[in-house]
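Inside the fold
Single-letter residue listing:
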Amino acid sequence: MTQGTQGTIRPAANFDAMRDAEILRKAMKGFGTDEQAIVDVVANRSNDQRQKIKAAFKTMYGKDLIKDLKSELSGNMEELILALFMPPTYYDAWSLRNAMQGAGTQERVLIEILCTRTNQEIREIVRCYQSEFGRDLEKDIRSDTSGHFERLLVSMCQVSVT
């Protein structure tokens, strides 16, 4: 968790990544998926703990937890669970990319992220956006927005990289 934001999920007490990985594996094994078991684990762990569960799952089963979750879940449930497993910087970069893909721009997403993150966080988001999507965030903002709004968002990115 970064200094500038305060999440509502606190680290679970008596956390055991291997036990949680086993619960998730059992929830996805066999016929059907125990979505409630997945929610009970994922929604009650901090992002750092979810990253440890992902690593434990790979170590214990030699499988990618995210791929398994994608194959077992669908719709809003899939989107939410997968988003919860993204590290915060990656999630912000992914959200910005999605907000500018396709027809129209989800301006609220651009505002929420670029106007509420610290300079250091934006610097990391700009780097992540480039490395993960092979795209320049400023160029994407310029091509998807205009006028004063464009200048404001571009300046938010500029402040962060100096």
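By convention here, each chain's residues receive numbers from 1 onward along its written sequence. Given that the model is predicted, a residue must reach a pLDDT of at least 70 before its local features are reported, and side-chain atom pairs must reach 80 or more before they are shown or counted; all residues, however, enter totals for whole chains, interfaces and linings. Side-chain figures throughout are based on the complete set of non-hydrogen atoms in the structure, without hydrogens or water.

Naming follows an unreviewed UniProt entry, where the protein chain appears as Annexin of Prolemur simus. Annotation of the protein chain in UniProt includes, under Function (unreviewed entry), the sentence "Calcium/phospholipid-binding protein which promotes membrane fusion and is involved in exocytosis." UniProt positions are given in the numbering used here, feature names are shortened, and annotations may be inferred rather than shown by experiment.

1. A short note on the packing of aromatic side chains
In summary, the pairing rule links any two rings of Phe, Tyr or Trp, Trp by its six-membered ring, whose centres are within 6.5 Å, and it sorts them by plane angle into stacked for under 30 degrees, edge-to-face for over 60 and tilted for everything else. Counted by the stated rule, this structure contains four aromatic pairs. Taking 5.1 Å as the distance between ring centres and 55° as the angle between the ring planes, the aromatic pair formed by Phe57 and Tyr61 counts as tilted. Taken together, the residues span about one helical turn, with Phe57 and Tyr61 both in helix H3 (residues 47-61) at a distance of four residues. Using a 1.4 Å probe on the protein chains alone, a residue whose accessible area is under 20% of its type maximum counts as buried, one over 50% counts as exposed, and one in between counts as partly exposed. Its relative accessible area of 0% is what places Phe57 among the buried residues. A relative accessible area of 28% places Tyr61 in the partly exposed class. Under the DSSP-based scheme used, a helix requires at least four consecutive residues in state H or I and a strand at least two consecutive residues in state E, with every element numbered from the N terminus.

2. Observations regarding the packing of helix H1 (residues 17-28) against helix H2 (residues 35-42)
Two numbers describe how H1 lies on H2: the axes approach to 8 Å, and their chain directions differ by 160°. The orientation of H1 with respect to H2, classified from their angle, is roughly antiparallel. When you trace H1 past H2, the crossing you get is left-handed. Contacts from Asp20, Ile23, Leu24, Ala27 and Met28 in H1 reach Ala37, Ile38, Val41 and Val42 in H2. Each residue is assigned to one of three groups, with Ala, Val, Leu, Ile, Met, Phe, Trp, Tyr, Cys and Pro labelled nonpolar, Asp, Glu, Lys and Arg labelled charged, and all others, Gly among them, labelled polar. By residue class, the composition of the contact of H1 with H2 is eight nonpolar, no polar and one charged. Geometry is summarised by axes, namely lines fitted to C-alpha atoms with helices restricted to the contacting stretch, and by angles between N-to-C directions that run from 0 to 180 degrees. In these notes the angle categories are as follows: under 35 degrees is roughly parallel, over 145 is roughly antiparallel, 65 to 115 is roughly perpendicular, and the rest is oblique. What makes a crossing left-handed is the near helix being turned counterclockwise from the far one by less than a right angle; a clockwise turn instead makes it right-handed. Two residues form a contact once any of their heavy atoms are found within 4.5 Å.

3. A look at helix H8 (residues 119-133)
Structurally, the α-helix is built with 3.6 residues per turn, so residues lying three or four positions apart point the same way. In a helix, the anticipated span is given by 1.5 Å times the number of residues less one. The terminal C-alpha atoms of H8, which comprises 15 residues, lie 21 Å apart, in line with the 21 Å expected from a rise of 1.5 Å per residue. Listing the buried residues of H8 in full gives Glu121, Ile122, Ile125, Cys128 and Tyr129. Considered in projection along H8, the buried side chains sweep an arc of 120° and stay on one side of the axis. Of the residues in H8, the exposed ones pointing more than 90 degrees away from the buried face are Arg127 and Ser131. Gly134 lies just past H8 and shows a positive phi near 60°. To be clear, the arc concerns the directions from the helix axis to the C-beta atoms.

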